[in-house]
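Descriptive structure summary
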Amino acid sequence: MLKSSFTLGLTMECRPDGSDCPDAVVVCFHCGERNPPGVRWQLVLNGVARSFCCGGCLGVAQVIHAARLDDFYSRRSPARPPRRPRIDAWDGDGAAAEAAGLIRHLQGEMREVSLLLEGIHCAACVWLNETYLQRQPGVVDVSVNFATRRARVRWDASRAKLSDLLRAVAAIGYRAYPYDPARREVLAGRESRALLLRTALALLAMMQVMMFAVPAYFSSDGVEPEYRALLEWASLTISLPVILYCATPFFAGALRDIRLGRLGMDVPVALGVGGAFVASVWATVSGSGAVYYDSVTMFVALLLVARLVELRARQRAGNAIESIARDLPDTAERVPGYPASFASETVAAAALCPGDTIRVGTGASIPADGKIIEGRSSVEEAVLTGESWPRSKVPGDTVLAGSINRESPLLVRVSAAGQATTLAALGRLVERAASERPRVARLADRVAASFVAVLLVFALATGLAWWYLDPARALAVTFAVLVVSCPCALSLATPAALAAVAGALGRRQILVVRGDALETMARVTHVVLDKTGTLTTGRLQLTEVEPLHGNERAACIAIAAALERGSEHPIAGALRAASPPAETVLAARDVVALPGSGIEGVIEGRRYRLGRPDWVAALHGRPLEAGAVAPDAIAVALGNEAGWVASLSFSDSLRPGAQALVAMLQEVGIEVSLLSGDRDEIVRNVAQTVGIADHRGNARPEEKRARIAELQRGGAIVAMVGDGVNDAPSLAQADVSLSLGSAATLTQWTADIVVLGDDLPRIAEAIIRARQAFRVIRQNLVWAFGYNLVAIPMAATGHLTPLAAALGMSVSSLLVVGNALRLLRDAETPATAAARAAVGELKVATS
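Below, the structure is looked at part by part. Within each chain, residues carry numbers counting from 1 in the order of the written sequence. It should be noted that, the model being predicted, local features are given only for residues of pLDDT at least 70 and side-chain atom pairs only at 80 or more, the latter also being counted only at that level, while totals for whole chains, interfaces and linings use all residues. To obtain the side-chain values, all non-hydrogen atoms of the structure were included, while hydrogens and water were left out.

Describing the sheet that holds strand S20 (residues 536-547)
Strand pairing is assigned whenever DSSP detects at least two bridges linking the two strands. Numbering of helices and strands starts at the N terminus; helices are DSSP runs of H or I of at least 4 residues and strands are runs of E of at least 2. The sheet built from six strands is open, its strands ordered S20-S25-S24-S23-S22-S21 with antiparallel pairing. What marks the edges here is a single partner per strand, and that holds for S20 and strand S21 (589-594). In this sheet, neighbouring strand axes are inclined to one another by 20° on average, regardless of whether the strands run parallel or antiparallel. Taken together, the eight bridges between S20 and strand S25 (residues 643-654) define a ladder with antiparallel strand orientation. Across the sheet, Gln541 pairs through a bridge with Ser651, a residue of S25. Any pair of residues with heavy atoms lying within 4.5 Å of one another is described as a contacting pair. Interaxial angles span 0 to 180 degrees and are taken between N-to-C directions of axes, which are lines fitted to C-alpha atoms, for helices over the stretch in contact. Where helix H20 (residues 553-564) meets the sheet, it contacts S20, S21, strand S22 (598-603), strand S23 (606-611), strand S24 (634-640) and S25, and its direction lies at approximately 105° from that of S22. Against the sheet, helix H22 (residues 613-620) engages S21, S22, S23, S24 and S25, with an angle of about 160° to S23.

Observations regarding the packing of aromatic side chains
Here a pair means two rings of Phe, Tyr or Trp (six-membered ring of Trp) with centres within 6.5 Å. Their orientation is stacked below 30 degrees between planes, edge-to-face above 60, and tilted elsewhere. Inspection of the entire model under this criterion finds five aromatic pairs. Between Phe277 and Tyr293, the ring centres sit 6.1 Å apart and the planes meet at 70°, which makes this aromatic pair edge-to-face. One end of the pair, Phe277, is in helix H11 (residues 266-286); the other, Tyr293, is in helix H12 (residues 293-322), and 16 residues separate them in sequence. The two residues Phe277 and Tyr293 agree in class, both being buried. Three or more aromatic residues joined by ring pairs make a cluster, and in this case those are Tyr292, Phe299 and Phe479. Over the ring of Tyr245 we find Arg198, and its NZ or CZ is 4.5 Å from the ring centre. Lying over the aromatic face of Trp615, Arg609 brings its terminal NZ or CZ to 4.4 Å of the ring centre. Only protein chains enter the accessibility calculation, which uses a 1.4 Å probe; a residue whose area is less than 20% of its type maximum is buried, one above 50% is exposed, and one in between is partly exposed. In this scheme, the term charge over a ring applies when either NZ of a lysine or CZ of an arginine sits within 6 Å of the ring centre and within 35 degrees of the ring normal.

Description of helix H24 (residues 680-690)
Taken together, the buried positions of H24 are Ile682, Val683, Val686, Ala687 and Val690. Each buried residue of H24 lies within a common arc of 130° when the element is viewed along its axis, so the set occupies one face. Residues of H24 that are buried make contact with helix H19 (531-535), S25, helix H23 (658-667), strand S26 (671-675) and strand S27 (694-696). Phi turns positive one or two residues past the end of H24, at Gly691, with a value near 95°. What the arc measures is the spread of directions leading from the helix axis to the C-beta atoms.

Here we look at the packing of helix H28 (residues 761-796) against helix H29 (residues 802-821)
One way to put it is that H28 packs onto H29 with a least axis distance of 9 Å and a crossing angle of 170°. One element, H28, and the other, H29, form an angle in the roughly antiparallel class. Judged by residue contacts, Val776, Gln779, Asn780, Trp783 and Tyr787 of H28 engage Ala805, Gly808, Met809, Ser812, Leu815, Val816, Asn819 and Ala820 from H29. Among the residues forming the contact of H28 with H29, the class breakdown is eight nonpolar, five polar and no charged. Roughly parallel here means an angle under 35 degrees, roughly antiparallel means over 145, roughly perpendicular means 65 to 115, and every remaining angle is called oblique. Amino acids outside the nonpolar list (Ala, Val, Leu, Ile, Met, Phe, Trp, Tyr, Cys, Pro) and the charged list (Asp, Glu, Lys, Arg) are all regarded as polar, and Gly is one of them.

Looking at the side chain of Glu564
Its place among the elements puts Glu564 in helix H20. The charge count includes Lys and Arg as positive and Asp and Glu as negative, but it does not include His or the ends of the chains. Within this document, salt bridges are pairs made up of a side-chain nitrogen of Lys or Arg and a carboxyl oxygen of Asp or Glu, the two lying within 4 Å of each other. Buried within the structure, Glu564 lacks any salt-bridge partner; Arg576 is the closest side chain of opposite charge, at an N-O distance of 6.6 Å. If near-sequence neighbours (up to four positions away) are discounted, Glu564 is found in contact with His569, Ile571, Ala572, Leu575, Arg576, Ile599 and Leu610.

A closer look at the packing of H20 against helix H21 (residues 570-578)
Contact geometry for H20 and H21: axes closest at 9 Å, N-to-C directions at 135°. On the basis of their axis angle, the class for H20 and H21 is oblique. The handedness of the crossing between H20 and H21 comes out as left-handed. Contacts from Ile557, Ala560, Ala561 and Glu564 in H20 reach Ile571, Ala572, Leu575, Arg576 and Ala578 in H21. Its residues assigned to classes, the contact of H20 with H21 comprises seven nonpolar, no polar and two charged. Handedness of a crossing follows from how the near helix is turned relative to the far one, being left-handed for an anticlockwise turn of less than a right angle and right-handed for a clockwise one.

Some words on the pairing of strand S19 (residues 526-530)
Within S19, five of the five residues are buried, which leaves it mostly tucked inside the rest of the structure. Burial along S19 is two-sided: His526, Val528 and Asp530 facing one way and Val527 and Leu529 facing the other are all buried. Sheet topology places S19 next to S26; five bridges connect them, and they run parallel. Paired with Val527 across the bridge in S26 is Val672. Note that S19 and strand S28 (residues 718-722) share four bridges and pair parallel. Note that in S28 the partner of Val528 across the bridge is Met720.

A few points about the sheet that holds strand S14 (residues 391-393)
The strand order across the open sheet formed by three strands is S14-S13-S16, and the pairing between neighbours is antiparallel. The sheet terminates laterally at S14 and strand S16 (404-405), the two strands that pair on one side only. Pairing analysis gives two bridges linking strand S13 (residues 377-380) to S16, with the strands arranged antiparallel. Bridged to Glu380 within S16 is Ile404.

So this is what it looks like as structure tokens:
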């Protein structure tokens, strides 16, 4: 016998924020949610009064207690939500919020905030939040991401406060907080656990109710009335927690939609479940009529299973997107007395300023951008480049926030901290990428909303028709129509696929910055590549040294390096990299650099010149031998008063994946062109090496843009891959633009897609993934519409029972989500595998 009691209507007065109430009263004993003001639901369990947020939680606790499973509450780790600050507090803490990077200060009174939304579960929720916030005074722009549940809001602070935005979200039944990764993890975990509990309870109840329904299904002469009544009352008792607790999100969502004058996917669900349950209760109480407890519990259980699968897929996609830019440490070791003292103090990473000196321990994450002033180590920059292999760093080298110091401690002088770091800029790219929604997603939202309205009218007409034809079957047929045509699959078809592909690309360090870029990239027919910095590294290398008049190669390099020592010219860097270690280093004096010509100086009593051949020839008056300079390289001559010393050739080396990129694009039927401002012969040599037939050199920025426009007039969908600032006009002209993570900042922010690191095959992978994503979207939409075209007429004509309708709807939603989840697989496509093999062969050949 249940030895517990409960009291309804018990009121305990507490302050609105719950500050003077015990924790047992402030939060629900079962789910951990905050109790409403004035506790109404209380149950004495094992002699202790427990408070609950609603009757559903109280009922579930009773069931757990009756089943002698009270250990559940002692073994679990309940998700106690953090104390929610009052909404007004965000206005008072505005300066702190800006310092923490929660609010961005734009031009004038414009502000931008990233909000974390609680309660988002479908595309209709996204549409509602965007539409309602957009109507608030002072709000300029709103975009909500389905995968990460983040809203990016831009508003005029002179017309509205942050608290006004938070209240607007609360007014439509959701909760919003300025984005914080820790809070996101807490909310995601709590949402997942709550949904898992609802699903488990609904499945358990469904199985039990189905057992009670078995005799009615298989008995040839029916069940005796007294036993039938007992089974119906037992089914009603077990179905109550499903309706009062498990189905609460559907009823709450439907009430919110109706109050706001819109029709979301929860409306037909609530109408079907509520109508069937009320009719079943009436039949049970009156003793006549059909009951649908089995159909109701199965519908709720399978719908929750589909929603749980969708939630896990969304969280996987969101984690993949956000993992790129959440690696900045919270604290840093500052060395304020350097170089006089090496004593350190622990400070917040956001409090660092340019010029500060910090110590980065072995294995620690670097908290700010800066230059190494002491120490040598290897630094892993995977978060910024996608390359997990550490890079060697020495004094004078730049290190970036979010990188990990792997070998030995470093002293770093800060050049940028907080929101000014490269990682913070990357975070803003990620946020913008997550909040953009493509045209196809917006179109699918509008179609789904219209579909619900048509569905309700059709269900009403079906019910009236069956009421006239066969009143006994009217409710069952109407319930089947509402259930089988629930637009879950239609609402999830597009956002599930987009979230999955964004997560897959995010794991590959590919950021889709603009929402429509994926859709356009899926239709690309022509890719235009820049040469310098894209196909090539953008760094000169010494490729050939031809000693003249009996001079030795090493001596020629040493003389040239001595002249360039201290210079920041690209040729100087190439010479330093090519110089072998030497016991004695030559010293040059009276060094003079002549821009556009070269550099000269005195080494061991002789005057040398390094630079343009005609300028060097003026020193001794002798012509350079024919054939000494390669036609496709940068020619530099070395000479002294006695004559020529050597001819040096410098060139920009190809990136390892250049040939693989071109091969992958051509394999999927995309034409490739090469446009560069470099000399024709150099461009021709690079094009022939990587296999590009269409190439053009000496192209100015405007000529590149004109060539892309010409291709577009011919019907091509053009993607431009550029690196430098001079590529900005052609990037803007192209239908979709891509840049590498090493590109200039302006190019990154102009591009539609940013590929972090220097792995060129990822560009082709992004295009292939985009094509896969929209193929999946088309499959999902065809399935959703085809399923409804077949299932709705069957339900309307009475050929589908409510039970079969519930099963069909849930399977339809699971198929859509499962199909989208294929995009998260890391399996390589044949083209990608071929590219990896080609890159490996190239590395072997060049080693």
